[in-house]
Amino acid sequence: MYCFNLKTLEQMARPLSPLKLNIELQDILQTIARSREAPHGLVQRARIVLAASTGSYNKTISQDLGLCEETVGFWRKRWIDNGIELENLKDKPKQLREAVSQVLADRPRPGSPGTFTAEQICQLLAVACETPPEYLSHWTQPELARTVINRGIVASISASSVGRFLKSGGFKTPSDQILVEP
C-alpha cells in the first residue's frame, strides 16, 4: 500500500500554469479580496484568482478557502477565458475595474421574471395608504386586490400577493410590517 501526501499527489497531477496578472489586475483583485463591503462571493472569487496567480493547484486553493475543487476550477477557467478582454483594458482603469467585476460576477440564473413591476407595487402601496371607501373601516387584502384591478393598475392579483407586498413594503420580506394589523 502506497501513502502519498498532498504535495506528492499535486505534483503527479496535470500541472496548471499560474494565471498571469499585470500590476493593475493584481491591485484590483487585492482591493476586492480585502473589501468589507463587496459581496462575499466576489471576495472569494478574487481570492481564487489571486491564489491561482501564485501557481497554487485547485485542490490547495479549495482547501485553503473552504470551497470545492470544481468551484475553484470553474472560476480559474472563467478568468482564463476572459483574460484577453481584460488585458486589452489595461490602460483604462475604470473600465478594467468594471470588467473584472463582471468576470467575477454571477451570471443571470434561469427563472420566471417577476409578475409585477416596481411601479405597480408602489401604486398598490399608495392605494393602501389612502383612506378606504366609506363602507370599509379599514383596507382588507381582498378589497385592495379588487381596487387595484378596478383602477387598472394590474390585470389580476391575488389577495395573498397583496398581503405579501404590504408585509414587505416591496420585493423583500422584512420582519416588520408596513401597515398596522387591525
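Thresholds applied
- Residues numbered from 1 in each chain as written.
- Predicted model: local features only at pLDDT ≥ 70, side-chain atom pairs only at ≥ 80, totals over all residues.
- Heavy atoms only, no water.
- Salt bridge = Lys/Arg side-chain N within 4 Å of Asp/Glu carboxyl O.
- Helix = DSSP H or I, 4+ residues; strand = E, 2+ residues; numbered from the N terminus.
- Buried < 20%, exposed > 50% of the residue type's maximum accessible area, 1.4 Å probe, protein only.
- Expected span 1.5 Å × (residues − 1).
- Arc of directions from axis to C-beta.
- Contact = heavy atoms within 4.5 Å.

Our focus in this paragraph is the pattern of salt bridges. Counting across every chain of the model gives five salt bridges. In this structure, Glu69 and Lys59 form a salt bridge, with 3.6 Å as the shortest nitrogen-oxygen distance. Taken together, the positions of Glu69 in helix α5 (residues 69–81) and Lys59 in helix α4 (residues 58–65) put the pair 10 residues apart, joining distant regions of the chain. Taking the relative accessible area as the measure of exposure, Glu69 reaches 36% and is therefore partly exposed. The class for Lys59 is partly exposed, based on a relative accessible area of 32%. Arg151 serves as the salt-bridge partner of Glu130, at 2.8 Å between the closest nitrogen and oxygen.

The end-to-end C-alpha distance of helix α7 (residues 93–104), which contains 12 residues, comes to 17 Å, matching closely the 16 Å that a straight helix rising 1.5 Å per residue would cover. When α7 is considered as a whole, its buried residues turn out to be Leu96, Ala99, Val100, Val103 and Leu104. Taken end-on, α7 shows its buried residues confined to a sector of 125°, consistent with a single buried face. Taken together, the buried residues of α7 touch α2 (23–34), α3 (40–53), α5 and α6 (83–88).

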